[in-house]
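The residues making up each chain are set out below.
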Amino acid sequence: MSDSRANHKNRTLTLTGMLHGFTHLYGTALLPLYLLMQRDLKLDSVSQATSFVTIMLVAYFLPSYALGILADRMSRKKLLAYGLVVNALAFVGLAFAPNYGWAMACVILAGIGGSSYHPAATAMIARLFPRDTGRALGLAGIGSGAGFFLGPLYTGWRAAMLEPVLGAAAWRRPVLEIGIMGILAAGLFAWLASEEEAIADRKENAAPAGKLFPTPAVWFFFFLASLFFSLRDFAGNGMASLTSIFLQNAQGFDARRAGIAVSALFVGSVVSNPLLGALSDRRRKRWITFVIVAGSTLIILFPHVPARWAIPCLLAFGFFFLASFPIVEAALMQSVPDEVRGRVFGFYVMITGFVGALAPWVVGLVVRHLGEAAREGRHYFAIYGTVGGLGLLALAGLPCLHAIRKREHLAEPSAEFRMQSSAFK
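Keep in mind that what you see is a predicted model, and the values were worked out from it rather than measured. (Residues numbered from 1 in each chain as written. Predicted model: local features only at pLDDT ≥ 70, side-chain atom pairs only at ≥ 80, totals over all residues. Heavy atoms only, no water.)

**Re the overall build of the protein**
To keep it simple, the criterion reads: A run of DSSP states H or I qualifies as a helix once it reaches four residues; a run of E qualifies as a strand once it reaches two. Both are numbered from the N-terminal end. Based on C-alpha atoms, the radius of gyration is set beside the globule rule, defined as 2.2 Å times the residue count to the power 0.38. Relative accessibility decides the category of a residue: with a 1.4 Å probe and only protein chains considered, values under 20% of the type maximum give buried, values over 50% give exposed, and everything between is partly exposed. With residues, only the protein chains shown are counted as cover, and all accessible areas are computed by Shrake-Rupley using a 1.4 Å probe.
Along its length, the protein carries 19 helices and zero strands. The C-alpha radius of gyration of the protein comes to 21 Å, within 12% of the 22 Å expected for a compact globule of 425 residues. Its C-alpha atoms put the protein at 60 × 40 × 40 Å along the principal axes. Residue burial in the protein is summarised as follows: out of 425 residues, 58% are buried. For the protein, the accessible surface area stands at approximately 16,000 Å², while carbon and sulfur atoms represent 66% of it.

**Side note on the packing of helix 5 (residues 76–94) against helix 9 (residues 172–192)**
Convention followed: Think of each axis as a best-fit line through the C-alpha atoms, taken over the contacting stretch in the case of a helix, with angles from 0 to 180 degrees between the N-to-C directions. Under this scheme an angle from 65 to 115 degrees is roughly perpendicular, one under 35 degrees roughly parallel, and one over 145 degrees roughly antiparallel; angles in between are oblique. With the far helix as reference, a near helix turned anticlockwise by less than a right angle produces a left-handed crossing, and one turned clockwise produces a right-handed crossing. Residues are treated as being in contact if the distance between any of their heavy atoms lies within 4.5 Å. Residue polarity follows a fixed list, in which Ala, Val, Leu, Ile, Met, Phe, Trp, Tyr, Cys and Pro are nonpolar, Asp, Glu, Lys and Arg are charged, and the others, Gly among them, are polar.
Where helix 5 meets helix 9, the closest approach of the two axes is 8 Å, and the angle between their N-to-C directions is 160 degrees. The angle between helix 5 and helix 9 places the two elements in the roughly antiparallel class. Crossing of helix 5 over helix 9 shows left-handed handedness. Contacts between helix 5 and helix 9 pair Lys77, Leu80, Ala81, Leu84, Val85, Ala88, Leu89, Phe91, Val92 and Leu94 from the former with Arg172, Val175, Leu176, Ile178, Gly179, Ile180, Gly182, Ile183, Ala185, Ala186, Phe189 and Ala190 from the latter. For the contact of helix 5 with helix 9, a count of residues per class yields 18 nonpolar, two polar and two charged.

**A short note on the confidence of the model for the protein**
Short version of the rule: The pLDDT value expresses, per residue, how confident the predictor is, ranging between 0 and 100.
The predicted model of the protein has a mean per-residue pLDDT of 85, with 90% of residues at 70 or higher. Mean pLDDT values for the elements of the protein range from 46 in helix 19 (residues 415–419) up to 96 in helix 17 (residues 381–393). Contacts for the low-pLDDT stretch residues 410–419, under 50 throughout, to residues beyond four places or in other chains number 13 contacts.

**Regarding the layout of surface pockets**
With a probe scaled to a water molecule rolled over the atoms, the places where space remains empty come into view. Threshold: The distinction between a cavity and a pocket rests on a 1 Å grid over the protein atoms alone: a 1.4 Å probe fits inside a cavity but cannot get out, while a pocket stays open yet meets protein on both sides within 12 Å along at least five of seven lines, and a residue with an atom within 4 Å of a point counts as lining. Grid points are joined across faces, edges and corners, and a volume is the space filled by probe spheres set on the points.
As a volume, the largest pocket reaches approximately 240 Å³. Going through the elements one at a time, helix 2 (34–40), helix 11 (216–250) and helix 16 (341–370) are the ones with two or more residues in the lining of the largest pocket.

**Re empty space enclosed by the protein**
Tallied over the entire structure, the rule returns four cavities of 30 Å³ or more. Taken as a whole, the largest cavity spans an internal volume of roughly 660 Å³. Forming the boundary of the largest cavity are 47 residues, of which His24, Phe61, His118, Phe148 and Phe325 lie nearest the centre. No other element matches the seven residues that helix 16 contributes to the lining of the largest cavity. Tallied by class, the residues present in the lining of the largest cavity amount to 25 nonpolar, 19 polar and three charged.

**Description of the packing of aromatic side chains**
Pairs of aromatic rings are described using the distance from one ring centre to the other and the angle between the two planes. Defined as follows: Pairing of aromatic rings covers Phe, Tyr and Trp, the last through its six-membered ring, and needs centres within 6.5 Å; plane angles under 30 degrees mean stacked, over 60 mean edge-to-face, and all others mean tilted.
On inspection of all chains with the given rule, the structure shows 19 aromatic pairs. Their ring planes at 55 degrees and their centres at 5.9 Å tell us that Tyr154 and Trp157 sit as a pair that is tilted. In this pair, Tyr154 and Trp157 are both assigned in helix 8 (residues 133–166), three residues apart and thus about one turn of the helix distant. Seen from their ring centres, Trp287 and Phe290 are 5.9 Å apart, and the 80 degrees between their planes marks the pair as edge-to-face. Here Trp287 and its partner Phe290 are both found in helix 13 (residues 284–301), three residues apart, which amounts to about one turn of the helix.

**Observations regarding the pattern of salt bridges**
Which entries qualify depends on this criterion: The term salt bridge refers to a pairing of a side-chain nitrogen on Lys or Arg with a carboxyl oxygen on Asp or Glu at a separation within 4 Å.
Evaluation of the coordinates by the stated rule reveals five salt bridges. Put simply, Asp40 and Arg172 hold a salt bridge, and the shortest N to O gap is 2.9 Å. Residue Asp40 is found in helix 2, and its partner Arg172 is found in helix 9; the two are separated by 132 residues along the sequence. Take Arg172: its relative accessible area is 18%, and that puts it in the buried class.

**Regarding the nonpolar core**
To be explicit about the condition: In plain words, nonpolar cores are sets of buried Ala, Val, Leu, Ile, Met, Phe, Trp, Tyr and Cys residues tied together by side-chain atoms within 4.5 Å.
Counting residues in hydrophobic clusters, the biggest one holds 124 residues, and the most contacted among them are Leu30, Phe52, Phe91, Leu94, Phe302 and Tyr380. Take this core: its biggest share by element is twelve residues, from helix 11. Not counting residues up to four positions away in its chain, the partners in contact with Phe52 are Leu30, Met37, Leu41, Leu43, Tyr100, Ala103, Met104 and Val107.

**Some thoughts on helix 6 (residues 100–114)**
Rules: Given a helix with a known number of residues, its expected span is that number minus one, times 1.5 Å.
Its 15 residues give helix 6 an end-to-end C-alpha distance of 21 Å, which sits within 8% of 21 Å, the value for a rise of 1.5 Å per residue. Inspection of helix 6 places Ala103, Met104, Cys106, Val107, Ala110, Gly111, Gly113 and Gly114 among the buried residues, and these make up the whole buried set.

**Some points on the side chain of His24**
With respect to the element layout, His24 can be found in helix 1 (residues 3–28). Excluding residues within four positions of it along the chain, His24 makes contact with Tyr60, His118, Ser144, Gly147 and Phe148.

**Description of a nonpolar patch on the surface**
The test is simple: For patch detection, residues must exceed 30% relative accessible area and be free of salt bridges, and they are connected within 9 Å for like charges or within 5 Å for nonpolar side chains (Val, Leu, Ile, Met, Phe, Trp, Tyr).
Together, Val85, Leu89 and Ile183 line one region of the surface with nonpolar side chains, adding up to about 210 Å² of accessible area. Tracing the sequence through the fold places Ile183 in helix 9. The class for Ile183 is partly exposed, based on a relative accessible area of 32%.

**Structural notes on the environment of Val58**
One can find Val58 in helix 3 (residues 46–61). Given a relative accessible area of 15%, Val58 falls into the buried group. It is 34 Å that separates the C-alpha atoms of Val58 and Arg308, two residues lying 250 residues apart in sequence. Beyond its immediate sequence surroundings of up to four residues, Val58 is in contact with Pro63, Phe354 and Ala357.

**Points about helix 7 (residues 117–128)**
With twelve residues, helix 7 extends 16 Å between its outermost C-alpha atoms, agreeing within 8% with the 16 Å of an ideal straight helix rising 1.5 Å per residue. Summarising burial for helix 7: eleven of the twelve residues are buried, a large majority. Along helix 7, the residues classified as buried are Tyr117, His118, Pro119, Ala120, Ala121, Thr122, Ala123, Met124, Ile125, Ala126 and Leu128.

As structure tokens, then:
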């Protein structure tokens, strides 16, 4: 490979990781702001505040298949840049929301803008790095971990700083600031990222809608895999929202300290995504099992640990559990041809993301029903245990992924499939 070609790939991967960071920064920025938003917008309960994140995530994931079609037929670079602009502008609008309805419209628009990232970026990275897909997705996942980390850290810190001056409206300033940052990042990506090659070839070879898989059996296993891995998404989102509320209600944390703690949940993935992603290129199935079991176990244990151990426990959870995302994505992308990867991942993330998006709302409802008992940590034991158990159930998706790969390879073997055949073990 020529130096210029390698530089093109690495620069584009780095910039795509930056977009990944903003995509997930927006998804977590509101986590430490729930109680301030409830007061400022005069909402009836905290479940209304947590519903903003749920609705944003639903809007983020439901259009994924449609955007996957676009990712297979148009410039993935342009799709990524346009998506971030829409996402960022929606957060600028949210900062000026006068009421619940306006705020809800903004989070819906933010979700739709963010929806373009995963179908386009995952397919593009898998094409650029066919041999080391797990490593490449893991490197892009550094941006994800950074975004997850910086989102609640920054908004919680800024809101706590401004609350003595602005009162409950202190949540608005950091939301506006991260919106402006996103617009600037989208411009930088559009300027420096290189256009992907072979767009015309993808258009010519694209399968008709609904023809993603060669047989109904493959469709069946794909749908089952998506459902099972959606439980992992639910567990991850549930852990983040539940922990924000648990620490503030039962452990005496303010918005700043809760933001720091929730940020710790994500910072470990900055290291684990590239490290474990690269290791998984040789033994994918074993690493998926290991990281999901370790992360789910830590969810179950979390409410039992003393408050001083909350951050170390969250660091460990994020290190293991969040590393499962690029590893599973690599396994899925290496199971299907490039010309359908955008749609396959779009369909997959539409299911997993929708189910996962329900977690903040469900958590808010459960805590609401606790009433005054939400002030006592022991009442969270069963909730965390249920969330962790759902994470463990996600492992049932592994046999389904193996069945997809086996049937795709038998139906239509290719040089790329043969090259990658030893990875999923």
